[in-house]
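The lines below spell out each chain.
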Amino acid sequence: MLGLLLLIGITASTTSPARAATLSAYAFTDSLGIAIRHADGTYAQLTTGTTPDRSTWDDQPAISPSGNKVAFTRGHTLADGVNRTEIYTVPIGGGAPVQVTSLGSYFERPSWLSETELIAPWLNQGVAYGQAYRISLSDGSTVKLTDAIWVLSAAACHDGRMAYDTVSQGDTHDLHVASATDGSGDVQLTSGITVNRVAWTPDCRYILFDVWDPATGHVNMFTLSAAAKLGDKPIQLTTGNYDTQGSVGNDWVMAYVHGETGSDIYTLPLGTGSQPTAQSNYQGGNEWPAFAAGDGSVPAPADFPPGSSTPPPSKCPTLQIVGVRGSGETAAMNDGLGPTVAAVKTTIASKVAGTGFQAINYPAVKVNLGDIHYGPNYLVSVDKGRAALSKFLFKFFASCPATYVVIVGYSQGAQVALDAAAVLTSMQQKHIAALIGLGDPRFSPKQTVIDDGDYDTKLSGSYLKFDSKLRGISGTLAPRTHSYCTVGDPVCSLSSKNLAVCAAKLAQNKCAHQLYIARNWTSLAALWAVKHWRGLPKLK
């Protein structure tokens, strides 16, 4: 607890742009470059950067969320035979392409995270493996998102997550889901099969990809829930000899490459009993069809995925509590919540029937100021807590999209909880009914919109000793957050007097940092969370 004085942490916030409604046009690669197929079946050429000998080429288009731009890769072969590709954009109505990246290596299929950012795998040929990167359209700057053996394809969805496949061993490619903002919350979904060329359904609940069958040599389109457990079997969508490169529009129609009669584009309404329809053999060599990202406004067909009458959510609670225990509290205490967080949970559960709870398991290292490694160990503990919390939230949002979450953190757990929640996308933050911190070392008495308790308005959290950036919560999350600090708590209200008094009373469990239950702040926090949850609109 008092060891939180040694903390260093990071807070950020993100926003998610409005998404386009159904856009039935799709971009694709033809033998001349990048083209568009409009809803009426007509075509328009956007680029002609492809030469007959394929020494230069335009490939792998992706339509922006608004439907206004197309991102694509433009490549060329150098004299030494090495390929180089960079990312460009072009207006969907036509115009001069604009170069986005200039890293001099090899980018694969771009995917839109927002109107101003892309994600894409980038192969740095100097190190002979690729990773997924977030790319700014304003200046071409990049942020590395993965640390895998070799990321081959990546796709973002409007809820802020990305799916990607990475080489495991030999020809096995594993499917993963993680945050498209910073790569956190990574979850592996498959093992032992060859997954490639990933895409999302419009509601961000299912991932599409193709799978190569080494026994037959066939490639077909499959889907798997983003909330799947490792080992769950993907569901097959096509039965051709070579079906690949799928993309789904907001109307739940999938376009894909069907290769039995050449590289032609087919469409298939997702669900049971639908038949594929050939859409092009325009100029020959058509591939990489890509719809604009949907906004999830059109629900999934009742018979998607095939073989089920409805998408199979798990049994979901009325309200979900997620708790993060404090420093030195073990997973054996109060079902992994620790006494302070458990007190909040108990009060909420007494008011809301059908409440579920989940304790986030992470080291929660105990205070040991005499250990020279305590500071670094604490930072590792917080990082692991953030990752574990993000991982749980991503899977829960996908499994129970209509259930609100209350996140509660105490002491070290308050830093974990508030830090992790702050970097969720605005759409993900809408699933949080209440975010509660108790004794947060990053407490700022100046952010009164979230502050609560009987704290000294002149004192800040112990984090101030090491960084001037105290707690900051903004956007959708701010009115859903209460950060409690009680008078005399040196972790959230640092002073030499508070430290001395707390040190003298620590052994008797009478340090102010230990009194959030006794001073009734846990009950008040729980009652506020229930009241706030009851006033929120239903999630869809």
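Values in this document were obtained by computation on a predicted structure and should not be read as measured data.

Visitor: It is not clear to me how the overall build of the chain should be interpreted in this structure. Could you clarify?
Guide: Looking only at helices and strands, the chain features six helices and 31 strands. Taken across its 540 residues, the chain has 56% of its residues classed as buried. Put simply, the chain shows about 21400 Å² of open surface, and 54% of that area lies on carbon and sulfur atoms.

Visitor: Explain the state of the cysteines to me, please; I cannot follow it from the model alone.
Guide: Two cysteines joined by a covalent bond between their sulfur atoms form a disulfide. On inspection of all chains with the given rule, the structure shows four disulfides. Covalent S-S linkage joins Cys502 and Cys511, the inter-sulfur distance amounting to 1.7 Å. Taking the torsion about the S-S bond as the criterion, the Cys502 to Cys511 disulfide, at about -80°, is left-handed. An identical accessibility class is assigned to Cys502 and Cys511; each is buried. Sequence-ordered numbering of the disulfide-bonded cysteines in the chain gives the connectivity 1-2, 3-4, 5-6, 7-8.

Visitor: What exactly am I supposed to notice about the packing of helix α2 (residues 374–399) against helix α3 (residues 412–422) here?
Guide: For any two helices packed against each other, the geometry is given by the interaxial angle and the distance between the axes. Where α2 contacts α3, the two axes come as close as 9 Å, and the packing angle between them is 50°. Considered as vectors, α2 and α3 are oriented oblique to each other. Considering the relative orientation of α2 and α3, their crossing is right-handed. On the side of α2, the interface is formed by Tyr378, Ser381, Val382, Gly385, Arg386, Leu389 and Ser390, while α3 contributes Gln412, Gln415, Val416, Ala417, Asp419 and Ala420. Among the residues forming the contact of α2 with α3, the class breakdown is six nonpolar, five polar and two charged.

Visitor: So what exactly am I meant to see when it comes to the environment of Ala178 here?
Guide: Within the secondary structure, Ala178 sits in strand β15 (residues 172–179). Sequence separation between Ala178 and Lys391 is 213 residues, and the spatial gap between their C-alpha atoms is 7.8 Å.

Visitor: Would you mind showing me how to read the side chain of Ser483 here?
Guide: With respect to the secondary-structure elements, Ser483 resides in strand β31 (residues 481–484). The contact partners of Ser483, leaving out residues within four places of it in the chain, are Leu418, Gly437, Asp440, Phe443, Ile450, Asp451 and Asp452.

Visitor: So what exactly am I meant to see when it comes to unusual backbone geometry here?
Guide: A negative phi angle is the norm for most residues apart from glycine, just as the trans form is the norm for most peptide bonds. The linkage connecting Phe304 with the following residue, Pro305, adopts the cis geometry, with an omega of 0°. Along the polypeptide, Pro305 turns up in the loop between β25 (287–291) and β26 (319–324). Despite not being glycine, Ala364 shows a phi value in the positive range, around 45°. Topologically, Ala364 is positioned in the loop between β27 (355–359) and α2.

Visitor: Hey, could you run me through the nonpolar core in this one?
Guide: The nonpolar side chains of a soluble globular protein tend to be buried with one another. By size, the foremost hydrophobic cluster in this structure holds 32 residues, and its most contacted members are Ile348, Val406 and Ile436. Those elements giving two or more residues to this core turn out to be β26, α1 (338–351), β28 (404–410), β29 (432–438) and α6 (521–534). Considering every element that reaches this core, the biggest residue donor is α6, with seven residues. Ignoring sequence-local partners within four residues, the contact set of Ile348 consists of Leu319, Ile321, Thr355, Val406, Ala526, Ala529 and Val530. The next biggest cluster of nonpolar side chains, apart from the first, holds 31 residues, and it includes Ile360, Ala364, Val365 and Ala420.

Visitor: What am I meant to see in the packing of aromatic side chains here?
Guide: One pair of aromatic rings is described through two measures. These are the centre distance and the angle between the planes. Inspection of every chain in the model, using the stated rule, returns ten aromatic pairs. Measuring from ring centre to ring centre gives 5.3 Å for Trp122 and Tyr133, while their planes differ by 80°; the resulting arrangement is edge-to-face. Of the two residues, Trp122 is situated in strand β10 (residues 117–124) and Tyr133 in strand β11 (residues 129–136); the sequence distance between them amounts to eleven residues. Here Trp122 matches Tyr133 in class, with each residue buried. An angle of 75° between the planes, with centres 5.4 Å apart, marks the rings of Tyr206 and Phe304 as edge-to-face. On the criterion of sequence distance, the pair formed by Tyr206 in strand β18 (residues 206–212) and Phe304 in the loop between β25 and β26 is long-range, its members being 98 residues apart. Judged by relative accessible area, Tyr206 falls into the buried class, the value being 4%. Connected via pairs of aromatic rings, a cluster forms that spans Phe107, Trp122 and Tyr133. The ring of Tyr88 carries the charged tip of Arg74 above its face, separated from the ring centre by 4.9 Å. Seen from the ring of Phe357, Lys345 lies directly overhead, with NZ or CZ sitting 4.3 Å from the centre.

About the cut-offs
Residues numbered from 1 in each chain as written. Predicted model: local features only at pLDDT ≥ 70, side-chain atom pairs only at ≥ 80, totals over all residues. Heavy atoms only, no water. Helix = DSSP H or I, 4+ residues; strand = E, 2+ residues; numbered from the N terminus. Buried < 20%, exposed > 50% of the residue type's maximum accessible area, 1.4 Å probe, protein only. Areas by Shrake-Rupley, 256 points an atom, 1.4 Å probe, with all protein chains shown as cover. Disulfide = S-S within 2.5 Å. Axes fitted to C-alpha atoms, helices over the stretch in contact; angles between N-to-C directions. Parallel < 35°, antiparallel > 145°, perpendicular 65-115°, else oblique. Left-handed = near helix turned anticlockwise from the far one by under 90°. Contact = heavy atoms within 4.5 Å. Nonpolar A, V, L, I, M, F, W, Y, C, P; charged D, E, K, R; others polar. Core = buried A, V, L, I, M, F, W, Y, C linked by side-chain atoms within 4.5 Å. Phe/Tyr/Trp six-rings, centres within 6.5 Å; stacked < 30°, edge-to-face > 60°. Lys NZ or Arg CZ within 6 Å of the ring centre and 35° of its normal.

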